[in-house]
Every structure is written in C-alpha cells, then in structure tokens.
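What follows is each chain in one-letter form.
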Amino acid sequence: MGTFLTSRLWTNLSSHLNVSRIRAAAYSSAVRSRKWVLVQHFDGFPKHTDFELREEPLPGLKDGEYLCEAEWISVDPYQRAYTPNYQVPMTMIGLQCARVLESRCPDYPEGSYVVGGLGWRTHAVRNPSRDEGGLLPFATAPMPEMGALSRSHAVGACGMPGNTAYFGLLELCRPTAGETVVVSGAAGAVGTLVGQIAKKKGCTVVGFAGSDSKCDWLRTLGFDHAINYKTAKPSRALREAAPGGVDCYFDNVGGWLSDAVMCQMNLFGRVALCGCIAGYNDPPGRRTLVPMLQMPILSQQLRLEGFIVSRWSDRWQEGVDQMRAWVEDGSIRAEETITEGFENLPDAFMGMLAGQNTGKAVVKV
Ligand SMILES: NC(=O)c1ccc[n+]([C@@H]2O[C@H](COP(=O)([O-])OP(=O)(O)OC[C@H]3O[C@@H](n4cnc5c(N)ncnc54)[C@H](OP(=O)(O)O)[C@@H]3O)[C@@H](O)[C@H]2O)c1
C-alpha cells in the first residue's frame, strides 16, 4: 500500500512538475562528448598528428531533441577523400549506430537506435527536423530492423556499403548469367558484397585484392578467381582468369589496375565507377589517373558510369531489406574487421586505408 501511494504520488507530482523533462535536461547537459577532431588537412597518407581527441559539454535537451550514444562507428575511404572539402579543425565525418539515451522527441524514444552521419563522437544531441546530415548525404534516422544481426551491419552490409554494392552492380553493370564480372577492392566492405551478389546472378567472378590471404578468403566466399594485384601482373593474370574477356567491371580503386581491366573489356561492356582509392592520398590536382581509357571505351563501345550511392535514396529501404535477407539466410557473408575502443578510431581508419581490413572496417565504441 505504501509503495502504491508513493508511486501514485510521484506520478501525479511528476506530471504537474514535468519532472521527466527536468531530468532529461539535467542529464544531457551533464554529458561530455568525446570527439576526434581533424586539426590539419591530410597530406599524403594520414598520420596520428592529423587528429586530436577532444571533449565538449553537450547542451540540455530542448523539445524535439534526443541525446544518443555511439555504439558502432564506421571508418570508410570517403572520409579521406571528402575532408579537403571542409575547413579544419573539424569533427571527423562518419556514419555511426547510436542508442538514444534521453529523448524529448516522440519518434526517437529512449532505448531506440539510430543510424546516420553523426561523426567520430561518443555522444550527440540531435533534432530530426533540422538534421540534414551535414555535408554527408545521410541524415540520422531510426535504425532499420536488424533482427538477430549485429547492429554494426547497419553501417555495413545492411547500410551504405551494402546499398553501394547492390545498386551499383545491379543498376549500372546489370550483369546477366554467364557473364564475367571483375571487382577491384574485392576483399573490402563493398567489394566482397559485389562479388557475392554477382555469383547469385550466375556470373563468373574475378576479384583483385592486396594479399594472398585475402585472395584465399575470397575463394571461400565463392569468387571463381582472386588475384593479388601487388604480386601478380594484373593484365596477364586477368587474361588467364577470364580468357573470354570481361563484361562488367565494378571499379573500387582506379589507377593502373583499372587500366589493365578496361583493356580486356568485351564489346558493350559496362563499368560502374564506384571509387578510386588508389588516388585518395595523392596531392590535389595530381590524382592517379586511368591512363588509357579512351581506346577501350571507343573500340569496345563501353558504358562507364560514375555514381554516388545516395542516388538511390528513394529506394534505400529496398536495398537494406534485400541485403539483410541475404545476410540472414546465409547466402551472403558479411565479414567485419572490428577495432575495439573509441580511442582507436584513427588506427582503424589508417589500417583500413592500408588494407588491414577484410570486409567492413568498423569500430566498437
Ligand atoms: N560511390 C559511392 O557511393 C561509394 C560508396 C562507398 C564506397 N565507395 C568507394 O568504394 C571503394 C571501396 O570502399 P569500401 O568502403 O568497401 O572500402 P574497403 O574496400 O573496405 O577498404 C579499402 C580497401 O582499399 C584497398 N586499397 C587501399 N589502397 C589501395 C590502392 N592504392 N590500390 C588498390 N586498392 C587499395 C585496401 O585493400 P587491399 O588490401 O585489397 O589493397 C583496403 O582494404 C572506395 O574507393 C570508396 O571510396 C564509393
């Protein structure tokens, strides 16, 4: 009886005084967010002195806002490629999965999860009605249902990289059964998925990756051929792997490797230009180029199309649902390289750029 009276009294009091709001405001203003700041622009390959770990107090919650805490933070090649577009010092850009700790926003209840471009920070306060995602085309939104899968896949196979593979391959390369598909950066987040989706379509798949162990692993994923571009001569190895030529090329890297592949394209071949990581650490204006594009494009009447995955934002959920279904039924393996600890974000990022990851590189905060 005493407990009942006490709790009813508390309920009445709290509704009169709006205690939950007072508590929410007190909580978020007490939270200090840690964040990784890029203090100078990268000059060549990133280094530790480009980053500084800082703290900032967060403001109290206002109506319509929520406070979230990072659970997984993604490290991706675009973080190297895009930062010259920003002014330093800047909080590092990036996608993360986060849990809502406090909320004054009914669509984002406490305990729910969000995914979006929250950057390299442990905590953030967001107002969804004002969240345009910054320079990243990814506003923060409720996390899609992940079922029994790890929530980290929301920034991997069931998120941006998954949709990059799904739409880039199926909409631009449009592979059909019996065709030969080549993918560079094959052992990474996007590449592993591209190769596995192409196998689902009945294609012969050739992947290029940067080590023998990655190549062995790609064969276990079902790739027909895997070539170590650092030790093999790519042109010769590709001629042996695909004597009938290449119908589709999903290009993640650019540079000389792409030159080798493009020169072996079949008539009316399709090239999806997804990324050019081979040049991301080059000085601006001196990017590694594909040297001999015109002749193969002309003579083989190729179709080459660059893309940014946000092009399919109106079909985003379709890609997420399909990728999730394939990962859940085991027909696609979504590997991850997990680095533990927020303080290790720069190491995870630099490790990914240096090729230390297989599958998606992600940091568990
Ligand atoms: N267009 C879009 O919307 C979109 C979206 C997502 C990603 N992307 C692009 O897709 C590509 C792959 O992204 P991801 O997230 O899947 O990254 P990732 O492949 O998981 O990681 C990067 C990989 O690139 C390889 N690499 C590094 N330097 C290289 C070089 N000089 N030559 C060849 N390979 C090199 C490394 O693997 P090795 O050991 O094999 O060298 C490394 O593991 C990137 O170019 C990225 O910018 C584009």
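Every value quoted in this text rests on a predicted model; they were computed, and no experiment measured them. (Residues numbered from 1 in each chain as written. Predicted model: local features only at pLDDT ≥ 70, side-chain atom pairs only at ≥ 80, totals over all residues.)

A. Inspection of the overall build of the protein chain at higher detail. Secondary structure summary: the protein chain contains 11 helices and 16 strands in total. Here the analysis covers contacts within the protein chain between residues at least 6 apart in sequence; of these, 67% occur between residues at least 24 apart. (Helix = DSSP H or I, 4+ residues; strand = E, 2+ residues; numbered from the N terminus. Contact = placed C-beta atoms within 7 Å.)

B. Local environment of the confidence of the model for the protein chain. Mean pLDDT over the protein chain stands at 90; residues scoring 70 or higher make up 89%. Taken together, the stretch residues 1–25 has pLDDT below 50 and engages in 8 contacts with residues farther than four places along the chain or on a different chain. (pLDDT = per-residue confidence, 0-100.)

C. Structural context of the nonpolar core. Counting 95 residues, the largest nonpolar core has Leu169, Val181, Val194, Leu218, Tyr249 and Phe250 as the members making the most contacts within it. In terms of domain composition, this core takes at least three residues from each of domain 1 (18–155 + 335–364) and domain 2 (160–312). When residues no more than four places from it in sequence are discounted, the contact partners of Leu218 are Ala186, Ala187, Gly195, Gly207, Ala209, Phe223 and Ala226. (Core = buried A, V, L, I, M, F, W, Y, C linked by C-beta atoms within 7 Å. Buried ≥ 20, exposed ≤ 12 C-beta atoms within 10 Å, placed from the backbone. Domains from an automatic or database assignment.)

D. Representation of unusual backbone geometry within the structure. Note the cis peptide between Val88 and Pro89, where omega equals -5 degrees. Among the secondary structure elements, Pro89 is positioned in the loop between helix H3 (78–82) and strand S4 (90–91). Despite not being glycine, Arg174 shows a phi value in the positive range, around 45 degrees. Along the chain, Arg174 falls in the loop between helix H4 (160–173) and strand S9 (180–183). We classify Arg174 as partly exposed; it has 14 C-beta atoms within 10 Å.

E. Quick peek at the sheet that holds strand S2 (residues 51–57). Spatial ordering of the open sheet is given by S2-S1-S4, a layout of 3 strands whose pairing is antiparallel. Each of the sheet's edge strands pairs with one partner strand only, and the pair in question is S2 and S4. Taken together, the 2 bridges between strand S1 (residues 32–38) and S4 define a ladder with antiparallel strand orientation. Its bridge partner lying in S4, Leu38 is registered against Met90. (Pairing = 2+ DSSP bridges.)

F. Here's a closer look at helix H6 (residues 212–220). Three or more residues of H6 are buried, namely Lys214, Cys215, Trp217 and Leu218. Projected down its long axis, H6 carries its buried residues within an arc of 160 degrees, all on one side. Residues of H6 that are exposed and point more than 90 degrees away from the buried face comprise Ser213, Asp216, Arg219 and Thr220. Those residues of H6 hidden inside the fold are in contact with helix H5 (189–200), strand S10 (204–209) and strand S11 (225–228). Directly after H6, the chain includes Gly222, whose backbone phi takes a positive value near 110 degrees. (Arc of directions from axis to C-beta.)

G. Quick look at the site of the ligand. Lining the immediate surroundings of the ligand are 30 residues, of which Gly188, Val190, Gly210, Gly275 and Gly355 lie closest. The set of elements that each furnish at least two residues to the shell around the ligand consists of H3, H4, H5 and helix H11 (345–353). The leading source of residues in the shell around the ligand is H5, at 3 residues. Looking at side-chain class alone, the shell around the ligand contains 18 nonpolar, 10 polar and 2 charged residues. The residues that make up the shell around the ligand include at least three from each of domain 1 (18–155 + 335–364) and domain 2 (160–312). (Near = placed C-beta within 6 Å. Nonpolar A, V, L, I, M, F, W, Y, C, P; charged D, E, K, R; others polar.)

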